[in-house]
Amino acid sequence: MITYNQLSLADILLDCQEKFDDDKPAFLQMLEEHIALDDIILQSFYNHYYSSTGRPRDYPLSAMLWALILQKIFSVPTDSLLIPMLRYSQHLRKFCGFHKVPNATRITRFKQDFIDDLSAFFESLVDLTEPICQAVDSAKADMTIFDSTGIEAYVTENNPKYADSVIRSIKPLLKAA
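Quick caveat: nothing in here was measured; it's all calculated off a predicted structure.

What counts, and where the lines are drawn
- Residues numbered from 1 in each chain as written.
- Predicted model: local features only at pLDDT ≥ 70, side-chain atom pairs only at ≥ 80, totals over all residues.
- Heavy atoms only, no water.
- Helix = DSSP H or I, 4+ residues; strand = E, 2+ residues; numbered from the N terminus.
- Expected span 1.5 Å × (residues − 1).
- Buried < 20%, exposed > 50% of the residue type's maximum accessible area, 1.4 Å probe, protein only.
- Phe/Tyr/Trp six-rings, centres within 6.5 Å; stacked < 30°, edge-to-face > 60°.
- Lys NZ or Arg CZ within 6 Å of the ring centre and 35° of its normal.

(A) Spatial organisation of helix α5 (residues 61-73). For α5, with 13 residues, the first-to-last C-alpha span of 18 Å sits near the 18 Å given by 1.5 Å per residue. Of all 13 residues in α5, 10 are buried, a share of seventy percent or more. The positive-phi residue at the C-terminal boundary of α5 is Ser75, with phi of around 55°.

Take a look at the structure:
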């Protein structure tokens, strides 16, 4: 007689964490099995990406999105660091769906050209994953945040010319004192 074992979301989360820590290709396989990215991509994003540009796209939309998702999962801070990762890892390249790896400017341009679509896409991912996180552990789900330390607001104080002008204006005051 076959015995059945009831799995909980906590068991699945623990299995995910073990696979992520121990076996990267198995982790990628698990992502591929459980996330149907083509079903999650908003139709408006798909239409905008594949709108007539006069020539076909070199990289599929799903490949670009998987690369950005992996960049967040593996905490890769810049696009220029993501490229060698994709170049040297056949598993990552195959998982994303790249036949050849795009350069950093291509990825940056993708982010700039489709910023509104990307924002809507990632917001839809939050709407999809939030109930799952709440079911696993609501206290931890309430603490989930995104590290925004690398994001600088475009304000006058962040401009080096502003700092130079403040220093220049202070120097005469210091000489006079």
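(B) Looking closely at the packing of aromatic side chains. Counted by the stated rule, this structure contains 10 aromatic pairs. Relative to Phe110, the ring of Phe45 lies with its centre 6.3 Å away and its plane at 25°, an arrangement referred to as stacked. Residue Phe45 is found in helix α4 (residues 43-49), and its partner Phe110 is found in helix α8 (residues 104-113); the two are separated by 65 residues along the sequence. The class for Phe45 is buried, based on a relative accessible area of 0%. Aromatic pair Tyr49 and Tyr50: ring centres 4.9 Å apart, planes at 90°, arrangement edge-to-face. Through successive ring pairs, a cluster of aromatic residues spans Phe45, Tyr46, Tyr49, Tyr50, Phe110 and Phe114. One Lys or Arg, Arg57, reaches over the ring of Tyr49 and ends 4.3 Å from the middle of that ring.

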